[in-house]
Amino acid sequence: MLAVLSGCGGRAVTGLQAGVSSEKTAAVVPIFLATNRARSDNPALPYSAERSQALNFAEFDVGIPGNHTPGRVETSSRVPDPARQFAAVDYRPIEDRRRFVAALNAALAKRAPADREIFIFVHGYNNNIAESLFRNAQITHDYGINSVSLHYAWPSGGAIPLYVFDRDSVIVGRRGLAETIELAAQTNATNVVLVGHSMGAYVVMEALRDLALSGGQRYLRRLGGVVLAAPDIDIDAFQSQADDIGKLPQPFTIIVSRRDRALGFSRRIAGGHPRVGSGADIALLQSRGITVLDVSELDGGTHSVFASSQTLMKLIDNSRLMRATLDDEKASTEPSALAASAAAVEGATSLTLFLPARLIGRMATAAPTQ
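In this report, the structure presented in the accompanying data block is examined. Predicted model, so just to flag it, every value in this text is computed and none were measured. (Residues numbered from 1 in each chain as written. Predicted model: local features only at pLDDT ≥ 70, side-chain atom pairs only at ≥ 80, totals over all residues. Heavy atoms only, no water.)

1. A look at the nonpolar core
Here comes step 1: Counting residues in each nonpolar core, the largest one holds 58 residues, and the members touching the most others are I118, I120, L177, L194 and L208.
Here comes step 2: Of all the elements, helix α5 (residues 199-213) adds the most residues to this core, at 10 residues.
Here comes step 3: For I120, the residues in contact, after removing those within four places along its chain, are L150, Y152, L177, I181, A184, V192, V193, L194 and V195.
Here comes step 4: Counting 18 residues, the second largest nonpolar core, distinct from the first, contains I31, I64, A88 and I129. (Core = buried A, V, L, I, M, F, W, Y, C linked by side-chain atoms within 4.5 Å. Buried < 20%, exposed > 50% of the residue type's maximum accessible area, 1.4 Å probe, protein only. Helix = DSSP H or I, 4+ residues; strand = E, 2+ residues; numbered from the N terminus. Contact = heavy atoms within 4.5 Å.)

Structure, rendered in structure tokens:
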């Protein structure tokens, strides 16, 4: 059971302890960091599993190795070889919130107007700081994300037996993510997109709930999209969170898989209560205005298929499909648009799309009568 759950992370190190150079890397991905992990004196893992009451900020340059296979995160538990493994080639702590917002604005200003967006990624269970940073860099690189990448690292224990510790750390980490969203909303970004994986999706929902209950609706309105990938959340807990949030940011998308073994074991640990990410109640999610992507038959339907599937990467790259899938308020609602776009990508027929109930109603109303 623990071996399967460990799919959320390995035991990587940053490489900062050896001063790894960027000369042998194929690409370098800048990643901003906001975290309520405590700072560490160990450069291999400059932020520990200890919980901090204050946010810490930094910017990392992550090297992508030349032998990188899309969807994988090649790591080392010793000194990484930048030609073969992910490595942090630079690390710059940022002192406070004001300087952090200024650094984000400087990065946004270097991008074309269409790319002045902030992409916030929240990692899952059993990750140390190197593993979660490298996953963020892998997603940014492999999906061709041109936005400013901002990683929120909550204090996961980074050890297989610490599942309960990580569940408690979700509660500790939710306010830090809410503050991170507030800071991103204060920048010059045209859009803020929020993605949470596995237990990180629980952190996302708790942070959105925190903002809603503390009068932070203006920050919620700055979110241009939320994606929960394989969310490790009890379905009843999710309903309670959604009730407290009220109007969910749109578009709101959940990626589910009935073949996700990690969530199956999580369900057993929770006494048999179904997890949102296992697709236990898709109709309920649709009724709340949520788009559901069922990836059960897509490239194995594993717990991290959202990050590892090359088919899904091609789908994301097909802008017509993604507009029709996610941006339902602006895009064409013709089913033929979805079918034509999916047919253009080999393997896309393995993906099942469940549209929000409100969109299905609009499509039915618009359909010609016989």
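2. A few points about the packing of aromatic side chains
Given two aromatic rings, one states the distance between the centres and the angle between the planes to describe the pair.
Here comes step 1: Scanning all chains against the criterion turns up 7 aromatic pairs.
Here comes step 2: Seen in terms of ring centroids, F86 and F134 are 5.8 Å apart; in terms of plane orientation they differ by 40°. Their pairing is tilted. Of this pair, F86 sits in the loop between β2 (47-64) and β3 (87-94) while F134 is found in helix α3 (residues 129-142), placing the two residues 48 residues apart along the sequence. F134 carries the same exposure label as F86, and that label is buried.
Here comes step 3: By the ring-pair criterion, three or more aromatic residues cluster together here, those being F32, F57 and F100.
Here comes step 4: Here the guanidinium or amino end of R51 rests over the ring plane of F165, the centre of that ring lying 4.1 Å away. (Phe/Tyr/Trp six-rings, centres within 6.5 Å; stacked < 30°, edge-to-face > 60°. Lys NZ or Arg CZ within 6 Å of the ring centre and 35° of its normal.)

3. A look at the packing of helix α4 (residues 163-185) against α5
Here comes step 1: Across the interface, α4 lies against α5 with an axial gap of 7 Å and an inter-helix angle of 45°. Accordingly, the angle class assigned to the pair α4 and α5 is oblique. The hand of the α4/α5 crossing is right-handed. Residues Y163, D166, R167, V170, I171, G173, R174, R175, L177, A178, I181 and E182 of α4 form the contact with α5, whose participating residues are M199, Y202, V203, V204, E206, A207, L208, R209, D210 and L211.
Here comes step 2: In terms of residue class, the contact of α4 with α5 is built from 13 nonpolar, 1 polar and 8 charged. (Axes fitted to C-alpha atoms, helices over the stretch in contact; angles between N-to-C directions. Parallel < 35°, antiparallel > 145°, perpendicular 65-115°, else oblique. Left-handed = near helix turned anticlockwise from the far one by under 90°. Nonpolar A, V, L, I, M, F, W, Y, C, P; charged D, E, K, R; others polar.)

4. Quick notes on unusual backbone geometry
Where the residue is not glycine, phi is negative for most of them; where a peptide bond is considered, it is trans in most cases.
Here comes step 1: Residue Q250 is joined to P251 through a cis peptide bond whose omega torsion reads -5°.
Here comes step 2: If you check the backbone angles, A230 has positive phi at about 50° while not being a glycine.
Here comes step 3: Relative to the helices and strands, A230 resides in the loop between β7 (223-229) and α7 (235-245).
Here comes step 4: A positive phi is found at D299, a non-glycine position, where the angle reads about 50°.
Here comes step 5: Within the secondary structure layout, D299 lies in the loop between β9 (291-294) and α10 (305-308).

5. A closer look at α5
Here comes step 1: Between its first and last C-alpha atoms α5 spans 21 Å; for 15 residues at 1.5 Å apiece the expected length is 21 Å, and the two agree.
Here comes step 2: Counting buried positions over the 15 residues of α5 gives 13, a clear majority of the element.
Here comes step 3: Within two residues after α5, G215 carries a phi angle of roughly 80°, on the positive side. (Expected span 1.5 Å × (residues − 1).)

6. Re the sheet that holds β7
Here comes step 1: If you walk across this open sheet you meet the 10 strands as β3-β2-β1-β5-β4-β6-β7-β8-β9-β10, and the pairing is mixed. Only two strands of the sheet have a single partner each, and these edge strands are β3 and β10 (352-354). Across this sheet, the average inter-strand angle for adjacent strands is 20°, counted without regard to direction.
Here comes step 2: Sheet analysis places strand β6 (residues 191-197) next to β7, joined by 6 bridges and oriented parallel. When the sheet's bridge partners are listed, V193 is paired in β7 with G225. (Pairing = 2+ DSSP bridges.)

7. So, α4
Here comes step 1: End to end, α4 covers 32 Å across 23 residues, agreeing with the expected 33 Å (1.5 Å per residue, within 8%).
Here comes step 2: Bending of α4 peaks at approximately 40° at the position of G173. (Bend = angle between axes of the 7 residues up to and from the residue.)

8. Considering the environment of A102
Here comes step 1: Assignment of secondary structure puts A102 in helix α2 (residues 97-109).
Here comes step 2: Of the residues examined, A102 reaches a relative accessible area of 44% and is grouped as partly exposed.
Here comes step 3: Along the backbone, A102 and T187 are 85 residues apart, and their C-alpha atoms lie at a distance of 7.9 Å.

9. A few points about the pairing of β9
Here comes step 1: Side-chain alternation along β9 places T291 and L293 on one buried face and V292 and D294 on a second face that is also buried.
Here comes step 2: With 4 bridges joining them, strand β8 (residues 252-256) and β9 adopt parallel strand pairing. Note that in β9 the partner of I255 across the bridge is L293.
Here comes step 3: Where β9 lies against β10, 3 bridges are found, and the strand directions are antiparallel. Within β10, the position partnered with D294 by the bridge is T352.

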